[in-house]
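Structural characterization, general
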Amino acid sequence: MKDLKKMVVSIDLDKSSQEIVDLAIVMAKKMGSEIRFFHSVDFIESDSMSDMASQKFSYGDYNTKKCTHADKIIKEFIKASTSDFQKYSIHVVVGDVVQGIVNFACSKNADIIIMGTHGKQTQGKILLGSVAEQVLRVANCPVLVMNPYREI
């Protein structure tokens, strides 16, 4: 098995993302890896039209605001997890979430993608969230999917 020196960690900004950040940092410290935290701002969100209508945002302004907010939240997750881990970078892009994760991981020659799922257990089977399932199907590297809502 090859070393997992380049990790891409997809963060969706849900409060459960803290668990994914914590896991990734623990793994990276033990393996001497670097982490590239990734978030994709989907420009077609449920609140986008109301935001733009009420405050006259342009798409560019709206996307910039969302990207800045995402960067801030990811930094807060990292700070809450550790103060001494320095081998990371944060990348926030606008676009399709699945293609964004897969393309970013490929462009950075990622050894692994780590992401969470909002999957629920139904009839004894674990159903992955649609984003996690799609990334699993098309990624060119291993994908570690964690359900941050379940206790280990």
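What comes next is a walk through the structure. (Residues numbered from 1 in each chain as written. Predicted model: local features only at pLDDT ≥ 70, side-chain atom pairs only at ≥ 80, totals over all residues. Heavy atoms only, no water.)

Within the protein one finds five helices and seven strands. Starting at the N terminus and ending at the C terminus, the protein contains elements arranged as β-α-β-α-α-β-α-β-β-β-α-β. Put simply, the protein has 152 residues, and 40% of those count as buried. Within the protein, contacts between residues separated by at least 24 positions form 75% of all contacts whose residues are at least 6 apart in sequence. Surface accessibility of the protein: about 9,100 Å² in total, with carbon and sulfur atoms responsible for 53%. (Helix = DSSP H or I, 4+ residues; strand = E, 2+ residues; numbered from the N terminus. Buried < 20%, exposed > 50% of the residue type's maximum accessible area, 1.4 Å probe, protein only. Contact = heavy atoms within 4.5 Å. Areas by Shrake-Rupley, 256 points an atom, 1.4 Å probe, with all protein chains shown as cover.)

Under the counting rule described, the total for this entry stands at three aromatic pairs. For the pair Phe-85 and Tyr-88, a centre-to-centre distance of 6.5 Å together with 15° between the ring planes defines the contact as stacked. What makes Tyr-88 partly exposed here is its relative accessible area of 31%. Grouped by ring-pair contacts, the aromatic residues Phe-37, Phe-85 and Tyr-88 constitute a single cluster. (Phe/Tyr/Trp six-rings, centres within 6.5 Å; stacked < 30°, edge-to-face > 60°.)

All right, on to the sheet that holds strand β2 (residues 34–41) then. Remark on secondary structure: sheet strands pair via backbone hydrogen bonds, oriented parallel or antiparallel. If you walk across this open sheet you meet the five strands as β3-β2-β1-β4-β7, and the pairing is parallel. Two strands in the sheet have a free side with no partner beyond their single neighbour: β3 (88–94) and β7 (143–146). Strand-to-strand, the axes of this sheet are offset by a mean angle of 20°, without reference to chain direction. Pairing between strand β4 (residues 112–116) and β7: four bridges, direction parallel. Of the residues in β7, the one forming a bridge with Ile-113 is Val-143. Set on the sheet, helix α5 (residues 130–138) makes contact with β4 and β7; between it and β4 the angle comes to about 165°. (Pairing = 2+ DSSP bridges. Axes fitted to C-alpha atoms, helices over the stretch in contact; angles between N-to-C directions.)

Counting 21 residues, the largest nonpolar core has Val-9, Ile-11, Ile-35, Phe-37 and Ile-114 as its most contacted members. Mapped by element, the contributors of at least two residues to this core are β1 (6–10), α1 (17–31), β2, α3 (59–81) and β4. A per-element tally of this core places α1 first, with six residues. Here Ile-35 is in contact with Met-7, Val-9, Ala-24, Ile-25, Ala-28, Phe-85, Lys-87, Tyr-88 and Ser-89, once residues within four sequence places are set aside. (Core = buried A, V, L, I, M, F, W, Y, C linked by side-chain atoms within 4.5 Å.)

What follows deals with the pattern of salt bridges. If you walk through the whole model with that rule in mind, you get four salt bridges. The partner of Glu-133 in a salt bridge is Arg-137, and the shortest N-O contact between them spans 2.3 Å. Linking Glu-133 with Arg-137, this pair stays in helix α5, spanning four residues, or about one helical turn. Owing to a relative accessible area of 31%, Glu-133 belongs among the partly exposed residues under this scheme. Residue classification places Arg-137 among the exposed positions, given a relative accessible area of 63%. (Salt bridge = Lys/Arg side-chain N within 4 Å of Asp/Glu carboxyl O.)

Glancing now at the environment of Val-97. With respect to the helices and strands, the residue Val-97 is situated in helix α4 (residues 97–107). Placed 57 residues apart in sequence, Val-97 and Ser-40 show a C-alpha to C-alpha distance of 5.3 Å. Those residues in contact with Val-97 that sit more than four places away from it in its chain are Ser-40 and Val-131.

Here the phi dihedral of Leu-13 falls at roughly 75°; this positive angle occurs in a residue that is not glycine. Structurally, Leu-13 can be placed in the loop between β1 and α1. You will see that Asn-109, though not glycine, has its phi angle at about 50°, which is positive. Note on placement: Asn-109 falls in the loop between α4 and β4.

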